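# Secondary and tertiary structure notes
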Amino acid sequence: MSTTLPLFRRAFLDSWRSTLAWAAGLAGATFLYLPLYPSIGGSAQMQDLIDALPAEMTKALNYEQMATGPGYTQATLFGLIGFLLMTIASVGWGAAAVGGDEESGQLELTLAHGVTRVQVVLERALSMLIRVVLLTALVFVLVRLLNDSAELAIRPEYLFGASVLFAGLSLLTGTAALCAGAMSGRRTYGLAAGAAVGVLGYVFNAVGRQSPDVEWLLNLSPYHWAYGNAPVANGADWAAAVWLWGISVALVAVAAVAVNRRDVGT
C-alpha cells in the first residue's frame, strides 16, 4: 500500500453512508427542537412548568436554564438528543475499528497487506476523529443558522467552545470502545466499554447533582466535565476539554500498544 494513509482513506470512504445517516439524524434533531424555542422555551408558562417539576428531576435533566435560549439548546440538543446520537455513532465506529474486524477475520487479511498493527489503530482512530469533527461542525453550523430566527441569543464563541466539548465527549466514548475492542479482539467488549463511558457518565452526573453526599460522583463523570459549566450559556471549561481530548489520545495509544503485543485472531 503506497498511497498516503491507505487505511484511513478506506475506513473513511467505507463509512460515508453511515456518516450521512448520522448527519441527517443530527440535522433533524436540530431542526425539530431549536425552532420551537420562541413558542415554548422563552414563555412564562415554560418557566412555571420547570418550577413545578421536582427539583431532583430538574437537576437530573439539566433543565434549570430551559427558559433561556442557550440553556434550552444545552439541555435539548447538546446534553440530550445530540449527545445520544453522537455517542451511539462513536461507540459503533470505535468498536468496529479493530475489535469488529478481528472478530470477523478481516483484520488478519488487512495485516497481510504490509501494514503494521499500530498503523491500523492510528489510521482508523483518525478516521473516527474526522467523522466526529465533521458531525460536530454540522451541528455548529446549523445552530448558528438558527440562532437568530429561533431567538436563541447564543454567543458564537460560547457555541464554539460547547462544540469542542461536544466533540471531545463523543470522541471519548468512541476511543473507549476502540481501546476495549483492540485489547480484547471482540466488538462486543468495545460496545460495552464505550456505552459504559457514555451511560455511566450521564448517570453519575444526574445522581451527583442531587445531594452533597454524592457530589463526588461528578468527578467521575465525563458528561459533567463537558457540561457542568453549561458551556452554551457560560463558555467552555477549556481544562475539561483538554482532559476529554487528552484521555482519548491516551486510549488510542493504549489500543495501539495492546494490539502490537498480542496474537491477533486467537
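Criteria and cut-off values
Residues numbered from 1 in each chain as written. Predicted model: local features only at pLDDT ≥ 70, side-chain atom pairs only at ≥ 80, totals over all residues. Heavy atoms only, no water. Salt bridge = Lys/Arg side-chain N within 4 Å of Asp/Glu carboxyl O. Buried < 20%, exposed > 50% of the residue type's maximum accessible area, 1.4 Å probe, protein only. Phe/Tyr/Trp six-rings, centres within 6.5 Å; stacked < 30°, edge-to-face > 60°. Helix = DSSP H or I, 4+ residues; strand = E, 2+ residues; numbered from the N terminus. Core = buried A, V, L, I, M, F, W, Y, C linked by side-chain atoms within 4.5 Å. Expected span 1.5 Å × (residues − 1). Axes fitted to C-alpha atoms, helices over the stretch in contact; angles between N-to-C directions. Parallel < 35°, antiparallel > 145°, perpendicular 65-115°, else oblique. Left-handed = near helix turned anticlockwise from the far one by under 90°. Contact = heavy atoms within 4.5 Å. Nonpolar A, V, L, I, M, F, W, Y, C, P; charged D, E, K, R; others polar. Patch = residues over 30% accessible without salt bridge, like charges linked within 9 Å, V, L, I, M, F, W, Y side chains within 5 Å. Areas by Shrake-Rupley, 256 points an atom, 1.4 Å probe, with all protein chains shown as cover. Polar contact = N/O pair within 3.5 Å; in protein donor to acceptor, adjacent residues only side chain to side chain.

What follows deals with the pattern of salt bridges. Applying the stated criterion across every chain, the model contains three salt bridges. Glu157 is paired through a salt bridge with Arg155; the nearest N and O atoms lie 2.6 Å apart. With relative accessibility at 40%, the residue Glu157 sits in the partly exposed group.

We now examine the packing of aromatic side chains. If you walk through the whole model with that rule in mind, you get nine aromatic pairs. Both rings, one in Phe140 and one in Phe160, keep their centres 6.5 Å apart while their planes meet at 90°; by these two values the pair is edge-to-face. With Phe140 in helix 8 (residues 117-147) and Phe160 in helix 9 (residues 156-184), this residue pair connects regions lying 20 residues apart in the sequence. Of the residues examined, Phe140 reaches a relative accessible area of 24% and is grouped as partly exposed. Its relative accessible area of 47% is what places Phe160 among the partly exposed residues.

Of note, Glu151 is a non-glycine position whose phi angle comes to about 55°, a positive value. Secondary-structure assignment places Glu151 in the loop between helix 8 and helix 9. Of the residues examined, Glu151 reaches a relative accessible area of 51% and is grouped as exposed. Non-glycine residue Ala153 carries a positive phi angle of around 55°.

A word on the nonpolar core. Residues Phe78 and Val121 are the most contacted members of the largest nonpolar core, which totals 59 residues. Breaking this core down by element, the ones donating at least two residues are helix 2 (16-33), helix 6 (69-104), helix 8, helix 9, helix 11 (222-227) and helix 13 (238-261). Among the elements that take part in this core, helix 9 stands out by supplying 13 residues, more than any other.

This brings us to helix 10 (residues 187-208). Between its terminal C-alpha atoms helix 10 stretches 31 Å, which fits the 32 Å expected from 22 residues at 1.5 Å a residue. By the burial criterion, the buried members of helix 10 are Gly190, Gly194, Gly198, Gly201, Asn205, Ala206 and Gly208.

Running from N to C, helix 6 and helix 8 cross one another at 160°; their axes reach a closest spacing of 10 Å. With respect to helix 8, the element helix 6 is oriented roughly antiparallel. Crossing hand, helix 6 versus helix 8: right-handed. Contact residues: helix 6 offers Thr73, Leu77, Phe78, Met86, Ser90, Trp93, Gly94, Ala97, Val98 and Asp101, while helix 8 offers Val121, Arg124, Met128, Arg131, Val132, Leu135, Thr136, Val139 and Val143. Partitioning the contact of helix 6 with helix 8 into residue classes produces 12 nonpolar, four polar and three charged.

Our next topic: the side chain of Ser170. Following the sequence through the fold, Ser170 ends up in helix 9. With relative accessibility at 2%, the residue Ser170 sits in the buried group. Discounting residues that sit within four places of it in the chain, Ser170 has contacts with Met86, Ser90 and Val132.

This paragraph deals with a nonpolar patch on the surface. A cluster of nonpolar residues, Val199, Val203 and Val207, forms a patch on the protein surface that exposes about 210 Å² of accessible area. Its place among the elements puts Val199 in helix 10.

Among the structural elements, Arg124 can be located in helix 8. A polar atom in the side chain of Arg124 sits 2.8 Å from the backbone oxygen of Ala97. If we skip the residues at most four places from it in the chain, Arg124 touches Ala11, Ala97, Asp101, Leu107, Thr110 and Arg131.

Geometry only, nothing functional implied.
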